[in-house]
Structures are given as C-alpha cells and as structure tokens.
Amino acid sequence: MGSSTIYNTLNTFVEHRLVVELQNGDGSTHYDYFGTPHYHAICTNCGKIVDVTYPGFDKDEKNLEERTAEISGYMISGNHMEVYGLCPECQAKLGITQKK
Ligand SMILES: [Zn+2]
C-alpha cells in the first residue's frame, strides 16, 4: 500500500469512529484504534457525542477499575464514562463564550 492509500483508509476509519485522530503538539497526526480506552463527551443540548481520550487516560481508567474492585468487591468487566456539557456549536448558537 502506498502512504496515500493508508491515509485514505485512516480517514474512512475516522469517519466511522473506529479510530480517534489526535493532533500531536508538533502538528503531526497520531491515530489510535478504538480498542484504545476512550470516553464520551455528550452535549446536553443537541445530544452530539464525541469520543475523547488523552495520554494517560488508560492509566486513569485502570485506576478507576482497580479502586472500584477494592471498594465494591466487584469483579470488573469494563466501564463506560460519560462527561456532559455544551458542545462548541451549541455554545456559539446560545452566544456563550467559554472562559479560558
Ligand atoms: Zn450541542
């Protein structure tokens, strides 16, 4: 496969949410397959869901599961994290400017 074929294939995966596209600090793009831990950010206004991950999220997730096992005695099989808020489009629609 030529590199453009690989790139097009990756774009298809991104469109179908099989991979997450992460911009590295140096401007290059890094792809992660979605066997990789991620969580969901959900817009409470329009319901849009985006997949979110960050370097070290796998450790946070492991920590969450281990702590849960310790505290509850459950044998952990997985987790599903959701974070709620207003997406950028809805913020713009509602005239909200986010403080940075
Ligand atoms: Zn929204």
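Residues numbered from 1 in each chain as written. Predicted model: local features only at pLDDT ≥ 70, side-chain atom pairs only at ≥ 80, totals over all residues. Heavy atoms only, no water.

Overview of the UniProt feature "binding site: Zn(2+)" (unreviewed entry) in the protein chain
The line we're drawing: UniProt positions are given in the numbering used here, feature names are shortened, and annotations may be inferred rather than shown by experiment. By definition, any uninterrupted DSSP run of H or I lasting at least four residues is a helix, any uninterrupted run of E lasting at least two residues is a strand, and each is numbered from the N terminus. Any two residues having at least one pair of non-hydrogen atoms within 4.5 Å are treated as being in contact. The rule is simple: take the accessible area with a 1.4 Å probe, protein chains only, and divide by the maximum for that residue type; under 20% is buried, over 50% is exposed, in between is partly exposed.
Per the UniProt record, the feature "binding site: Zn(2+)" (unreviewed entry) sits at Cys43, Cys46, Cys87 and Cys90. Across 48 residues, the annotated set stays spatially compact, with a maximum C-alpha separation of 8.2 Å. Structurally, the position occupied by Cys87 is in the loop between strand E5 (82-85) and helix H3 (88-93). For Cys87, the contacting residues outside a window of four places in its chain are Cys43, Cys46 and Lys48. With respect to the element layout, Cys90 can be found in helix H3. According to the relative accessible area criterion, Cys90 is buried, its value standing at 1%.

A few points about the side chain of His40
Residue placement: His40 occurs in strand E3 (residues 39-43). Every residue in contact with His40, bar those within four places of it in the chain, is listed here: Ile49, Val50, Asp51, His80, Met81, Glu82 and Val83.

Observations concerning the side chain of Glu61
Short version of the rule: We treat Lys and Arg as the positive residues and Asp and Glu as the negative residues; His and chain ends play no part in the count. The rule for a salt bridge is simple: a side-chain nitrogen of Lys or Arg has to be within 4 Å of a carboxyl oxygen of Asp or Glu.
For Glu61, the location among the structural elements is in helix H2 (residues 57-72). Of the buried charged residues, Glu61 lacks a salt bridge, with Lys62 as the closest side chain of opposite charge at 10 Å. With residues up to four places along the chain from it excluded, the contact list for Glu61 reads Pro37 and Asn79.

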